[in-house]
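Report on the structure
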Amino acid sequence: MYKRQDQSSITRLHLRFGYIFEQRKDLEAALEHFAQSNALEDMVRALTQQGWELLHSPRRERLRRLIEALPEQIRESNPEILYMWGYSQMTSEPQLAILRMQTAADLFHKAEHYQRELRVLADLTTLFFLETQLDQVMVSAMRSVRVANLVRDEWSRGAALVCVAAMLFVQGRELATLGVARHAFAPVSYTHLDVYKRQA
């Protein structure tokens, strides 16, 4: 009985420290304490809210290991976790990164979270280009343009135009690529997304 009480007290203590470290923006320490207290919901919440900052730091591999320590069902069903997991592997394991980011994009689309879907697709298009999978560049870029038309804000307009430029470049149309690229960084109307159709 006393051992159960001691274990319960330790679990509550880990949970408390997890919240404290999370408030202090020490995500790595917070996740460690949440893991010790088996607080999976808190781990997922902290990861999705603060994980990107850790991903863009030298501790990227540490975050990847923390994600991989989550139960498979959580990793495979949460699109934000999948996105971060794939993003963390873009340089080390690009093919695995592609698979996980494609799944994340599909889950975001199913949930009608089109802004997040477009973010994933933009990174996927870049990764396909770096991996010289040019047929997939075309597929991903065209999907990005379609999703951008659902979002219709400034960032999505720019992302879509960059994807249009990528498609033109893949087709060997350098002058058209430069023309579209200029629009991507200019304060022009959203109708410039039709430029690819005019150039085709």
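Since we're looking at a predicted model, the values are computed, not measured. The numbers attached to residues start from 1 for each chain and follow its sequence in the written order. Local features in this predicted model are restricted to residues of pLDDT 70 or higher, and side-chain atom pairs are both shown and tallied only at a pLDDT of 80 or more, whereas totals for entire chains, interfaces and linings draw on every residue. Only hydrogens and water are set aside when side-chain values are computed; all heavy atoms of the structure are taken into account.

**Topic: the packing of helix α4 (residues 60–68) against helix α6 (residues 79–88)**
A pair of packed helices is captured by two measures, namely the crossing angle of their axes and the spacing between those axes. Cut-off, in case you're wondering: Here an axis means a line fitted to C-alpha atoms, over the contact stretch when the element is a helix, while the angle between two N-to-C directions is reported on a 0 to 180 degree scale. For helices the rule is a DSSP run of H or I covering at least 4 residues; for strands it is a run of E covering at least 2, with both sets numbered from the N terminus onward. Throughout this description, any angle smaller than 35 degrees is read as roughly parallel, any larger than 145 degrees as roughly antiparallel, any in the 65 to 115 degree range as roughly perpendicular, and the remainder as oblique. In this scheme, a crossing is called left-handed if the near helix is turned counterclockwise away from the far one by less than a right angle; it is called right-handed if the turn is clockwise. Note on contacts: a residue pair is in contact if any heavy atoms of the two residues lie within 4.5 Å. Throughout, the ten residues Ala, Val, Leu, Ile, Met, Phe, Trp, Tyr, Cys and Pro are labelled nonpolar, Asp, Glu, Lys and Arg are labelled charged, and all others, Gly among them, are labelled polar.
In contact at an axis separation of 9 Å, α4 and α6 are set at 135° when each is read in the N-to-C sense. Classified by the angle between their axes, α4 and α6 sit oblique to one another. As α4 runs across α6, the sense of the crossing is left-handed. Touching Arg-60, Glu-61, Arg-64, Ile-67 and Glu-68 of α4 are Ile-81, Met-84, Trp-85, Tyr-87 and Ser-88, all from α6. Partitioned by chemical class, the residues of the contact of α4 with α6 number 5 nonpolar, 1 polar and 4 charged.

**Points about unusual backbone geometry**
Definition in use: Relative accessibility thresholds used throughout: buried, under 20% of the residue-type maximum; exposed, over 50%; partly exposed, between the two (1.4 Å probe, protein chains only).
In this structure, Glu-112 is a non-glycine residue whose phi angle is positive, near 60°. If you trace the backbone, Glu-112 turns up in the loop between α7 (94–110) and α8 (114–130). The class for Glu-112 is exposed, based on a relative accessible area of 56%.

**Quick notes on the pattern of salt bridges**
Heads up, the rule is: Take a side-chain nitrogen of Lys or Arg and a carboxyl oxygen of Asp or Glu: if they are within 4 Å of each other, that pair is a salt bridge.
Scanning the entire structure with this criterion turns up 11 salt bridges. With a closest N to O distance of 2.6 Å, Arg-64 and Glu-61 form a salt bridge. Of the two residues, Arg-64 and Glu-61 both sit in helix α4, 3 residues apart, roughly one turn of that helix.

**Considerations on α7**
Test applied: By this rule, a helix spans an expected 1.5 Å times one less than how many residues it contains.
For α7, built from 17 residues, the straight-helix expectation of 24 Å at 1.5 Å per residue is met to within 8% by its first-to-last C-alpha distance of 24 Å. Every buried residue belonging to α7 is among Pro-94, Ala-97, Ile-98, Arg-100, Met-101, Ala-104, Ala-105 and Phe-108, and all of these are buried. Two residues or fewer after α7 comes Glu-112, characterised by a positive phi angle close to 60°.

**Concerning the packing of aromatic side chains**
Threshold: Pairs were defined over the aromatic rings of Phe, Tyr and Trp, the Trp ring being its six-membered one, requiring ring centres within 6.5 Å. Orientation was assigned from the angle between planes: stacked under 30 degrees, edge-to-face over 60, tilted for the rest. Look at NZ for Lys and CZ for Arg. If either is within 6 Å of the ring centre and within 35 degrees of the ring normal, a charge sits over the ring.
Scanning all chains against the criterion turns up 6 aromatic pairs. Between Tyr-19 and Phe-34, the aromatic rings sit 5.5 Å apart at their centres with planes inclined by 65°, giving edge-to-face as the arrangement. Pair noted here: Tyr-19 is in helix α1 (residues 2–23) and Phe-34 is in helix α2 (residues 27–36), with a separation of 15 residues, a long-range link. What makes Phe-34 buried here is its relative accessible area of 0%. Geometrically, the ring pair formed by Trp-52 and Tyr-83 is edge-to-face, given 4.7 Å between the ring centres and 65° between the ring planes. In this pair, Trp-52 sits in helix α3 (residues 40–55) while Tyr-83 sits in helix α6, placing the two residues 31 residues apart along the sequence. With relative accessibility at 18%, the residue Trp-52 sits in the buried group. Counting every residue linked through ring pairs, the aromatic cluster contains Trp-52, Tyr-83 and Tyr-87. For the cation-ring pair, Arg-100 lies above Trp-85, with the distance from its terminal atom to the ring centre recorded as 3.6 Å.

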